[in-house]
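Structural characterization, general
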Amino acid sequence: MADKKIITKKSLDFFEKYLNNAAPTGYEWEGQKIWMDYLKPYVDTFITDTYGTAVGVINPDAKYKVVIEGHSDEISWYVNYITDNGLIYVIRNGGSDHQIAPSKWVNIHTKKGIVKGVFGWPAIHTRKGEKEELAPKLDNISIDIGAKDKAEVEKMGVHVGCVITYPDTFQVLNDDKFVCRAIDNRAGGFMIAEVARLLHENKVKLPFGLYITNSVQEEIGLRGAEMITQTIKPNVAIITDVCHDTTTPMIDKKVQGHTEIGAGPVISYAPAVQNKLRERILDTAEKKKIPFQRMAASRATGTDTDAFAYSNGGVASALISLPLRYMHTTVEMVHKEDVENVIRLIYETLLTIKDGETFSYFE
């Protein structure tokens, strides 16, 4: 497994299709269908819930249950207000950054299909004096869809509450960097699907039920994980999400720590991270010669780890993160080797888990 090339042409094609599909928070189901279609040959059955979380299950009758999890939603905008002259003001759906909006193309999702638009911005030479350094803010960015007035906007199918995404698509930089919007955290869904594929291809018989979980609504408060963990009631949960590459400009390492793309999966220390499970992951990385980095969180990891850990009377949970540059922009960047090593680390850790393990500090 250590020498095995993990990402194949078929899996990369899936990753690209999955990334390019829009799945904003609250509207994840089309992406979930793509994900489930890819996962179908490698699992025994699926669970889905009311809000769209999807779970591929291996050994559904097993009493002892292990979750591997990513989240499926991407940040986006909502139409919030339409002016009389046909401009559209927005509010956030997740942590969307107003500073990157000006001059971006957008897709507005309507019942009639996609309506194209642009975040307009005044030319630099029209901004004199104090206005010259005018920064984009939520109340001064607006979308132009080429409509002359509010009535024309509405005739095009756009109304308050329509969700808005960026159309940026998957690119590969310098052969080994993946760049796209929504790598946070479609990469997670991709990586856990690849774990399932490798288990199947290597004919691994797990002694427990494995729940490959693609949660919704993480970006607005871990809500999908909060729901699905009550349905699954797992014994163990290994979560994967992204974390910051802190080597790029304007990030303070004294605050954010030192983690970087290309240096391996990032293993978190936090109250929600169960220490024995984390040590199992670290031991596995060392034994299998998988490079890794460490990160400390304070009160919370800010990921679905927190939702799983504190559910059902406490679930042994740990977090394996994929280092990423430029989070919550349309040019999120990760290293191919890190993606493969996260897959490898989750896979190898699963092989060490025994049926009925409690990870108790008192045994």
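Heads up: these notes are all about the structure in this document. (Residues numbered from 1 in each chain as written. Predicted model: local features only at pLDDT ≥ 70, side-chain atom pairs only at ≥ 80, totals over all residues. Heavy atoms only, no water.)

With that settled, consider the layout of surface pockets. Size it by volume and the largest pocket reaches roughly 470 Å³. Along the walls of the largest pocket sit 26 residues, with Val-242, Cys-243, His-244, Met-295 and Thr-301 positioned nearest its centre. Listing elements by their share of the lining of the largest pocket, those giving two or more residues are strand S13 (236–244), helix H6 (253–256), strand S15 (293–296) and strand S16 (316–324). A per-element tally of the lining of the largest pocket places S13 first, with four residues. Tallied by class, residues from the lining of the largest pocket come to eight nonpolar, 13 polar and five charged. (1 Å grid on protein atoms, 1.4 Å probe; cavity = no way out; pocket = protein on both sides within 12 Å on 5 of 7 lines; lining within 4 Å. Points joined across faces, edges and corners; volume = space filled by probe spheres on them. Helix = DSSP H or I, 4+ residues; strand = E, 2+ residues; numbered from the N terminus. Nonpolar A, V, L, I, M, F, W, Y, C, P; charged D, E, K, R; others polar.)

Inspection of the secondary structure assignment puts Phe-46 in strand S1 (residues 45–48). Here Phe-46 falls in the partly exposed class, since its relative accessible area comes to 26%. Separated by 23 residues in the primary sequence, Phe-46 and Ala-23 have C-alpha atoms spaced 19 Å apart. Excluding its chain neighbours within four sequence positions, the residues that come into contact with Phe-46 are Met-36, Leu-39, Lys-40, Val-55 and Gly-56. (Buried < 20%, exposed > 50% of the residue type's maximum accessible area, 1.4 Å probe, protein only. Contact = heavy atoms within 4.5 Å.)

So, on to the side chain of Asn-341. Structurally, Asn-341 can be placed in helix H9 (residues 336–350). For Asn-341, the side chain forms a polar contact with the side chain of Arg-344, separated by 2.6 Å. Discounting chain neighbours no more than four positions away, the residues touching Asn-341 are Pro-265, Ile-290 and Pro-291. (Polar contact = N/O pair within 3.5 Å; in protein donor to acceptor, adjacent residues only side chain to side chain.)

Taken in spatial order, the eight strands line up as S1-S2-S12-S3-S13-S16-S14-S15 in an open sheet, and their pairing is mixed. At either margin of the open sheet sits one strand with a lone partner, and together these are S1 and S15. Sheet twist, expressed as the mean angle between neighbouring strand axes with direction ignored, is 25°. Packed on one face of the sheet, helix H7 (residues 275–287) meets S13, strand S14 (266–269), S15 and S16 and runs near 155° to S14. Against the sheet, H9 engages strand S3 (65–71), strand S12 (209–215), S13, S14 and S16, with an angle of about 165° to S16. (Pairing = 2+ DSSP bridges. Axes fitted to C-alpha atoms, helices over the stretch in contact; angles between N-to-C directions.)

The strand order S10-S11-S17 describes an open sheet built from three strands, whose pairing is antiparallel. In this open sheet, the two strands that pair with only one neighbour each are strand S10 (171–173) and strand S17 (332–335). Direction aside, the axes of adjacent strands within the sheet are offset by 30° on average. In the sheet, strand S11 (residues 177–180) pairs with S17 via four bridges, with the strands oriented antiparallel. Residue pairing for S17: Cys-180 is matched across the bridge by Glu-332.

The next point concerns empty space enclosed by the protein. For the structure on display, the rule yields one cavity of 30 Å³ or more. As a volume, the largest cavity reaches approximately 110 Å³. Around the largest cavity, the lining is made up of 13 residues, and of these Ile-75, Tyr-166, Arg-181, His-328 and Thr-329 lie nearest the centre. Class assignment for the residues of the lining of the largest cavity results in four nonpolar, four polar and five charged.

Of note, the amide linkage connecting Asp-184 to Asn-185 takes the cis form, showing an omega dihedral of 0°. A positive phi angle, close to 75°, is found at Ser-103, a residue other than glycine. In this fold, Ser-103 is placed in the loop between strand S5 (87–93) and strand S6 (105–110). Positive phi, close to 65°, is recorded for Tyr-326, a residue that is not glycine. Examined against the element boundaries, Tyr-326 turns out to sit in the loop between S16 and S17. Note on Tyr-326: relative accessible area 36%, which makes it partly exposed.

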